[in-house]
Amino acid sequence: MSLMLEEALNAPERLRGQLTRNQPMLADLGARLRSEDPSSVVTVARGSSDHAASYLAYLCMQTRGIPVASLPPSLSTLSRAPWRLKGQLSVAISQSGQSPDLVASQKALQAGGATTIAMVNTPESPLGKSSDVEVPLFAGEERSVAATKSYLATLSAAAQLLAHWNESSLLLSALSELPDRLVEAGTQDWSAAVEGLKDYDRLMVIGRGAGLAIAQEAALKFKETCSIQAEPFSGAEVRHGPMALIEPGYPVLVFAPPGAEQAGLLELAEWLESVGARVLLAADESVAKRHLTLADAGHEALQPLSVIQSFYPMVAHLAAARGINPDQPRHLRKVTCTL
């Protein structure tokens, strides 16, 4: 078993501990945010952490009705932007908390007046120390270069933060059951995707809503573990320029979990098949035409976690089927330092 697969399957237990250990702190943070009532949120992150930030952003905009923007760190490190962020919130996300560009950005945003939160997997990191509040991810040491359990832990922490901020008893209840549901998600049989994709070097990955963050993460994992040129798109955008790429047999992976976006994604999958694409549709049991099964996460906001928990084992097996060790991606290392 690869480290990547081992760590992905360990994620539910890590989340079980995280949800319990962070509950008092995030309850207090939720109360603080209700009191401060930030008018907008900015996020600072890279790679998988930036995809997790997209998930947090969507939930925040959906439930709080305030805009959320992802800021390029170079605006702080290279351009020295004169930030004016009084009454706003900055959330920085990192596995290691060591990247100089993220630390510098968080300090600059704090100096500009923002309340700053760091979501990090390494205690007492430079990023955590540079922030007003540190939210530990409790994913444990992640030895695989390709992030899995730390990504899921970030999504879980983001959902728990929003649940406390919004005082959502429904989401908090669903979060308490999430680890068990993710165990089920990790056992889904996605061998059809391994068989269907092992001979391809490019594909599209489609999601929508909070699920776009999952499509982004999946596309990155195809690149770094399988050397497949995968591109993520929103189901609402793919009929624009990207559709020019579709030719007979072109592979498209569509994530369509239950929720408001599902109907449109199912319609899109049917249309893609009609123009010759080789569609792999991941959906719940209510969708008879699905190719890949999804476990129910218990709440619409948590369905993306179920999707990616089923995806990670598949992509680890796909890498092996292509003769690639997913623990040793070409040119990559665990901690990347940029300015």
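Everything discussed here concerns the structure shown above.
Fair warning: this is a prediction, and the values are worked out from it, not measured in the lab. (Residues numbered from 1 in each chain as written. Predicted model: local features only at pLDDT ≥ 70, side-chain atom pairs only at ≥ 80, totals over all residues. Heavy atoms only, no water.)

A closer look at unusual backbone geometry
Thought 1: Of note, Arg 80 is a non-glycine position whose phi angle comes to about 55 degrees, a positive value.
Thought 2: Within the element layout of this structure, Arg 80 appears in the loop between α3 (74-77) and β3 (89-94).
Thought 3: One non-glycine residue with positive phi stands out, namely Glu 167, at about 50 degrees. (Helix = DSSP H or I, 4+ residues; strand = E, 2+ residues; numbered from the N terminus.)

Overview of the nonpolar core
Thought 1: Formed by 83 residues in total, the largest nonpolar core has its most connected members in Tyr 55, Val 205, Phe 222, Phe 255, Leu 302 and Phe 311.
Thought 2: Here the element with the most residues in this core is helix α6 (residues 149-165); it accounts for eleven residues.
Thought 3: In this structure Phe 311 touches Trp 190, Ala 218, Lys 221, Phe 222, Leu 253 and Phe 255, once residues within four positions along its chain are discounted.
Thought 4: Of all hydrophobic cores here, the second largest spans 18 residues; its members include Tyr 250, Leu 272, Ala 277 and Ala 283. (Core = buried A, V, L, I, M, F, W, Y, C linked by side-chain atoms within 4.5 Å. Buried < 20%, exposed > 50% of the residue type's maximum accessible area, 1.4 Å probe, protein only. Contact = heavy atoms within 4.5 Å.)

Some words on the sheet that holds strand β9 (residues 278-283)
Thought 1: Reading across from one edge, β7-β6-β8-β9-β10 is the order of the five strands in this open sheet, with parallel pairing throughout. Strands with a single pairing partner mark the edges of an open sheet, and in this sheet they are β7 (229-234) and β10 (292-293).
Thought 2: Strand direction decides the pairing type here: strand β6 (residues 202-207) and strand β8 (residues 251-256), joined by three bridges, are parallel. Opposite Met 204, over in β8, you have Val 252 as the bridge partner.
Thought 3: Against the sheet, helix α9 (residues 212-226) engages β6, β7 and β8, with an angle of about 175 degrees to β7. (Pairing = 2+ DSSP bridges. Axes fitted to C-alpha atoms, helices over the stretch in contact; angles between N-to-C directions.)

Concerning empty space enclosed by the protein
Thought 1: Tallying each qualifying case throughout the model produces one cavity of 30 Å³ or more.
Thought 2: Roughly 50 Å³ of volume is contained in the largest cavity.
Thought 3: Contributing to the lining of the largest cavity are Ser 48, Ser 49, Ala 52, Ile 93, Ser 94, Gln 95, Leu 137, Ala 147, Ser 150, Tyr 151 and Thr 154.
Thought 4: Residue assignment for the lining of the largest cavity shows that the elements contributing at least two residues are α2 (47-64), β3 and α6. (1 Å grid on protein atoms, 1.4 Å probe; cavity = no way out; pocket = protein on both sides within 12 Å on 5 of 7 lines; lining within 4 Å. Points joined across faces, edges and corners; volume = space filled by probe spheres on them.)

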